[in-house]
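# An overview of the molecular structure
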Amino acid sequence: MNDVIKTIRERRSVRAYDTAQQISDGDLSLILEAGTYAPTAHNEQPWYFTVVQNKELLEKINLKANAVMAKSDNEWLHSLGTNPDFRATYSAPTVVFISGRDGAMAAQTDCALAIMNMMNAAWSLGIGSVFVGLLWPYISSADAPAELQIPEGFKLFHAIAFGYPAGPKLPAPPRKTDVVTYIR
Ligand SMILES: Cc1cc2nc3c(=O)[nH]c(=O)nc-3n(C[C@H](O)[C@H](O)[C@H](O)COP(=O)(O)O)c2cc1C
């Protein structure tokens, strides 16, 4: 199997991180650069990456997300938000926020493609990651753009946590296989 297919098949969402080991700036640059090699509608490259490695800010963001979840009517979200030990980012040492340029043709799609490149690039370097949809309530809050220094003209979309995995390598959840129609 070639290395790209192997990386794609072996990548897993990582939910336990070595909090003592930060990823190197060299690896971080490779990961971000891989993001920028994603295809984009009209080659607009309408993304902006905000790397947060400040522990105090990450803790603040996690606690804000928990506070929103605690108020949810959804039982699962409520139980996460009220669990004092829960951190949406699993205390990963690096969180990358991805924003898209206002008015771009397909900014959300372009940013999602960049994210997938970054997650696979990270895995190929031995670095784990997880898409943190549970930070969306924070991302859409009034505080977030200023707190994250998002430039004017960009909208915050997503957050991805990165770090060295702690704990055993987990097998892939079974993949659905009845999801293809061939029309030949
Ligand atoms: C849009 C999106 C949001 C997600 N949000 C979370 C999240 O908040 N927390 C989490 O642990 N995993 C999250 N995930 C990861 C999925 O749970 C994971 O990709 C899925 O279970 C398949 O596992 P795998 O990534 O190991 O193949 C998210 C994935 C996507 C695509």
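An account of the accompanying structure is given in this report. (Residues numbered from 1 in each chain as written. Predicted model: local features only at pLDDT ≥ 70, side-chain atom pairs only at ≥ 80, totals over all residues. Heavy atoms only, no water.)

### Some points on the packing of helix 1 (residues 3-10) against helix 5 (residues 107-124)
Closest axis-to-axis distance for the helix 1/helix 5 pair is 9 Å, and the angle between their directions is 100 degrees. Overall, the two elements helix 1 and helix 5 adopt an arrangement that is roughly perpendicular. Each of Thr7, Ile8 and Glu10 in helix 1 lies in contact with helix 5, whose residues at this interface are Asn120, Trp123 and Ser124. Each residue belonging to the contact of helix 1 with helix 5 can be placed in one class, and the counts come to two nonpolar, three polar and one charged. (Axes fitted to C-alpha atoms, helices over the stretch in contact; angles between N-to-C directions. Helix = DSSP H or I, 4+ residues; strand = E, 2+ residues; numbered from the N terminus. Parallel < 35°, antiparallel > 145°, perpendicular 65-115°, else oblique. Contact = heavy atoms within 4.5 Å. Nonpolar A, V, L, I, M, F, W, Y, C, P; charged D, E, K, R; others polar.)

### Here we look at the pattern of salt bridges
Counted by the stated rule, this structure contains six salt bridges. We note a salt bridge from Lys60 to Glu147, for which the minimum N-O separation is 3.2 Å. Highlighted residues: Lys60 in helix 3 (residues 55-70) and Glu147 in helix 7 (residues 144-147), separated in sequence by 87 residues. Given the relative accessible area of 42%, Lys60 is considered partly exposed. Measuring nitrogen to oxygen at the nearest pair gives 2.7 Å for the salt bridge that ties Asp143 to Lys64. (Salt bridge = Lys/Arg side-chain N within 4 Å of Asp/Glu carboxyl O. Buried < 20%, exposed > 50% of the residue type's maximum accessible area, 1.4 Å probe, protein only.)

### Observations regarding unusual backbone geometry
One non-glycine residue, Asn43, lies in positive phi territory at about 50 degrees. Relative to the elements of secondary structure, Asn43 occurs in the loop between helix 2 (25-36) and strand 1 (47-52). Here Asn43 falls in the exposed class, since its relative accessible area comes to 55%. Positive phi outside glycine occurs at Ser91, with the angle close to 55 degrees.

### Some points on helix 3
Between its first and last C-alpha, helix 3 extends 22 Å over 16 residues, near the 22 Å set by a 1.5 Å rise per residue. Among all positions in helix 3, only Leu57, Leu58, Ile61, Asn62, Ala65, Asn66 and Met69 are buried. Structurally, helix 3 contributes buried residues whose contacts are with strand 1, helix 4 (75-81), strand 2 (94-101), helix 6 (136-139) and helix 7. (Expected span 1.5 Å × (residues − 1).)

### Quick word on the site of the ligand
Among the 13 residues in the neighbourhood of the ligand, the closest are listed as Arg12, Ser13, Arg15, Tyr90 and Arg175. In the environment of the ligand, a nitrogen atom lies 3.1 Å from a nitrogen or oxygen atom belonging to the backbone of Phe131. Here the ligand loses 65% of its free accessible area of 620 Å² to cover by the protein chains. Considering only residue class, the shell around the ligand consists of seven nonpolar, two polar and four charged. (Near = heavy atom within 4 Å. Polar contact = N/O pair within 3.5 Å; in protein donor to acceptor, adjacent residues only side chain to side chain. Areas by Shrake-Rupley, 256 points an atom, 1.4 Å probe, with all protein chains shown as cover.)

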